[in-house]
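# Understanding the architecture of this molecule
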Amino acid sequence: MAFAHNANGEPEEKLQQTIPVPDNHELNFGLRWDFVGDEPFDLDVSCVSFDIAGNVGELVYFNNLTTTGEWMVHTGDNTTGEGDDDDEAVHVILSKVPAQVFSLVLTITCHNTGCNLSKVDSIVCQVIDLTVNELLCTLPVHLSKDHTAIIVCNLHRTDPTAPDDTSSWILQELNTPAQGHSVGDHSLLLKVRDLLPIYAGALTDRKELTVVIDSTKRSAGQIRADVKHLVFGVGWLKGHDDIDCTVIYFSKDRRYMDHVNSKNKLVSTDEATIHQGDNVLNASNKGTDKEKVDLFINKVDDAADMVFFCVSTVEREGKWVGRLPQVSGAYCRLLEVKQKVVGKGASHNIEDRKELVRCNLSRIAKDAVGFIFAAIYRDPTKPSGWCVQSIQEPLPSLPCSAVSPAEFIPVSRSLTHFLRAGFKSATEEWVIGGWESFREAAKKKKNVTITVVEGRNLGPQGKKFSCHCQLWVMDSGTATQKCRTVVTADRTRPQWNETFHFRITLLDAIKIVCFDTTFVGAVELLLVQHHGTNFALLQEMWHPLAGEDVEGELLLRISVTDDDNAHRESSSPCSVS
């Protein structure tokens, strides 16, 4: 007989669940919750380890997603409780748990100060035995409305004094209300420790209970100065599923530079980013990375300013194979890795791996076939020179083109602008909801009128000068709305004075390419660079031509207005006046 607690937090005698678990199994503790009313607030799942004396060891929570050696992994923070799958979960590989760990205790806390569990309608904890892929049990979570935390269960090793016990671990239901807004709150940890099994002689080794955690929630952070190696990993449960990961480089002026993916480019030009291949890591262990990319940030091309990490489902025979949220157990994560010297006489090197960002892909938009997960970007004010930003932008309508990163480029390009210039407060803090506002603005069509007026200082020039300009819209990597000027033979001051009309979004780019007998140079107009400023700045100005060994400029007259006709096709040919 054990003690449970009623809705008032008072102890009452009740037969609680105790379930034996073999020591070579893997368990997933998945928690789901529903709220009262339309305004959800933030609940957090955490798991803290203890030794046999009740001293705190490693723990996982929203700001520390993995333990050393990854024997315990948190799936990442969910601040709204939205989605049909687990809101938050903790994955434990019992065969990897260090010998000194005796107990693992799962807790739920209300992150918002001033709030308690009265806003929660229900919480369910399902424990899945991943080794046999079966539901081990469903733990009831009784809500105590005046409390801010619940101690859900304790997974502990069997009583070392009990003979003939064939199981190495026992899962014990606790279901105990408590107070605390994070797993690091002293009062909550005291309550947890009081519920642990006590064995003779162990208390003499008990130390003062002190735990310091970072409970600040943020979407961006800096990479440690001593970290040179990042790993982008993607994993899922079922062997017949497949997800591809792509890494894309952009320059400071938002131009695409390079990429790696599993289909046609495994190594970046600077050799800093290396894709390990298409699903070559399909190991038997569930929850391990099936596909990964290594990135050595100290080798990244100096011209590269931002690096995006993206995932997509696999395209076969011109069709997408499923949607990302439908892939069982799918996740993606970004880790920092550094070498750590251990052992007597510093005799061994081991990898110290820490997760920076993780996403459970079951939570994203149900029709998503692509996903821009995160980015790193240069920041010279930080010790390492790099920061990491969680993005988590689902892409529901990509073309079937898994062999190229082209489907990600328009959104990634706009994100480079957004991360660099837009939607930050005066103190450089990230403005929650800013990207959503930007994305809505980016969906709206714009009427763009471009007059190609004249050129100057064009070069190099052939013996017979015959020059014209071609214009087109880069829409999701495809050239549309193509048009061209007449040909001029005026070498000293080529003039066209021709006007063209386009209908585009902020995510599109208009390319103006100048040709003599061969390519002379190009101008790329990115409306996204001027979002939030005055489009009137574009009215008439000289634009330098870009390209290798290119000289000269084009004088362009540009006007941008909102398009009130939302039903026209953006890919219709441009008009000329």
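Refer to the structure printed above.
Presented here is an overview of the structure given in this document. (Residues numbered from 1 in each chain as written. Predicted model: local features only at pLDDT ≥ 70, side-chain atom pairs only at ≥ 80, totals over all residues. Heavy atoms only, no water.)

## Remarks on the environment of D34
Going by this rule: A run of H or I in DSSP counts as a helix once it spans at least four residues, and a run of E counts as a strand once it spans at least two, with each numbered from the N terminus. Two residues form a contact once any of their heavy atoms are found within 4.5 Å.
Position of D34 relative to the elements: it lies in strand β4 (residues 26-35). Expressed as a C-alpha distance, the spacing of D34 and I123, which sit 89 residues apart in the sequence, is 6.7 Å. Once residues lying within four places of it in the same chain are set aside, the contact partners of D34 are V120, D121 and S122.

## Looking at the side chain of T273
Quick reminder of the rule: Polar contacts, as used here, are pairs of N or O atoms within 3.5 Å; protein pairs need one atom able to donate a hydrogen and one able to accept it. Residues neighboring in sequence count only if both atoms are side-chain atoms.
Along the chain, T273 turns up in strand β18 (residues 273-275). At a separation of 2.7 Å, a polar atom in the side chain of T273 contacts the side chain of Y249. Ignoring any residue separated from it by four or fewer positions in sequence, one finds T273 in contact with V247, Y249, V260, L266, V267, S268, V293, D294 and L295.

## Structural notes on unusual backbone geometry
Negative phi characterises most residues that are not glycine, and trans characterises most peptide bonds. As a reminder of what qualifies: A simple rule labels every residue: compare its accessible area, found with a 1.4 Å probe on the protein chains alone, to the largest value its type can have, and call it buried under 20%, exposed over 50%, or partly exposed in between.
Not every positive phi belongs to a glycine, and E271 is a case in point at roughly 60°. Relative to the assigned elements, E271 resides in the loop between β17 (256-260) and β18. When its relative accessible area of 54% is taken as the criterion, E271 is described as exposed. Located in the positive-phi region is N457, a residue other than glycine, with phi close to 55°. Within the secondary structure, N457 sits in strand β27 (residues 446-459).

## Details of the environment of A53
Assignment of secondary structure puts A53 in the loop between β5 (43-50) and β6 (56-60). Between the C-alpha atom of A53 and that of S103, which follows or precedes it by 50 residues, the distance is 10.0 Å. For A53, the contacting residues outside a window of four places in its chain are A202, L203, D205 and R206.

## Some details on the packing of aromatic side chains
We apply this condition: Note on aromatic pairs: the rings of Phe, Tyr and Trp (six-membered ring only in Trp) are paired at centre separations within 6.5 Å, and the planes decide the class, stacked below 30 degrees, edge-to-face beyond 60, tilted for the rest. Working rule: Lys NZ or Arg CZ, within 6 Å of ring centre, within 35 degrees of ring normal, means a charge sits over the ring.
All chains considered together, the criterion is met by 6 aromatic pairs. For the ring pair Y61 and F62, a centre distance of 5.2 Å and an interplane angle of 75° mean the geometry is edge-to-face. Across this residue pair, the class does not change: Y61 and F62 are buried. Ring centres of F250 and F308 lie 5.7 Å apart, and the angle between their planes is 85°; this geometry places the pair in the edge-to-face category. With F250 in strand β16 (residues 243-251) and F308 in strand β20 (residues 304-313), this residue pair connects regions lying 58 residues apart in the sequence. Three or more aromatic residues link up through ring pairs in this structure, and these residues are F232, F309, F371 and F373. Just above the ring of F296 sits the side chain of K299; from NZ or CZ to the centre is 5.5 Å.

## Regarding helix α1 (residues 186-194)
Condition: Note that the arc is defined by the directions from the helix axis to the C-beta atoms.
Those residues of α1 that sit buried are L188, L189, V192 and R193. Mapping the buried residues of α1 onto a view down its axis gives an arc of 135°, with all of them on the same face. The elements touched by buried residues of α1 are β5, β9 (103-110), β12 (149-157) and β13 (169-178).

## Remarks on empty space enclosed by the protein
If a probe the size of a water molecule is rolled over the atoms, the empty space left behind becomes visible. Going by this rule: Here a cavity denotes a set of grid points, spaced 1 Å apart and computed over the protein atoms alone, in which a 1.4 Å probe fits but from which it cannot get out, and a pocket denotes an open set meeting protein on both sides within 12 Å along at least five of seven lines; residues with an atom within 4 Å of a point are reported as lining. Grid points are joined across faces, edges and corners, and a volume is the space filled by probe spheres set on the points. Side-chain classes are defined by residue name, with Ala, Val, Leu, Ile, Met, Phe, Trp, Tyr, Cys and Pro counting as nonpolar, Asp, Glu, Lys and Arg as charged, and the others, Gly among them, as polar.
Per the counting criterion, the structure on display carries 3 cavities of 30 Å³ or more. As a volume, the largest cavity reaches approximately 40 Å³. Surrounding the largest cavity, F29, C47, V92, L104, L106, C153 and L155 form its lining. Taken together, the elements giving at least two residues each to the lining of the largest cavity come down to β9 and β12. Taken together, the residues of the lining of the largest cavity sort by class into 7 nonpolar, no polar and no charged.

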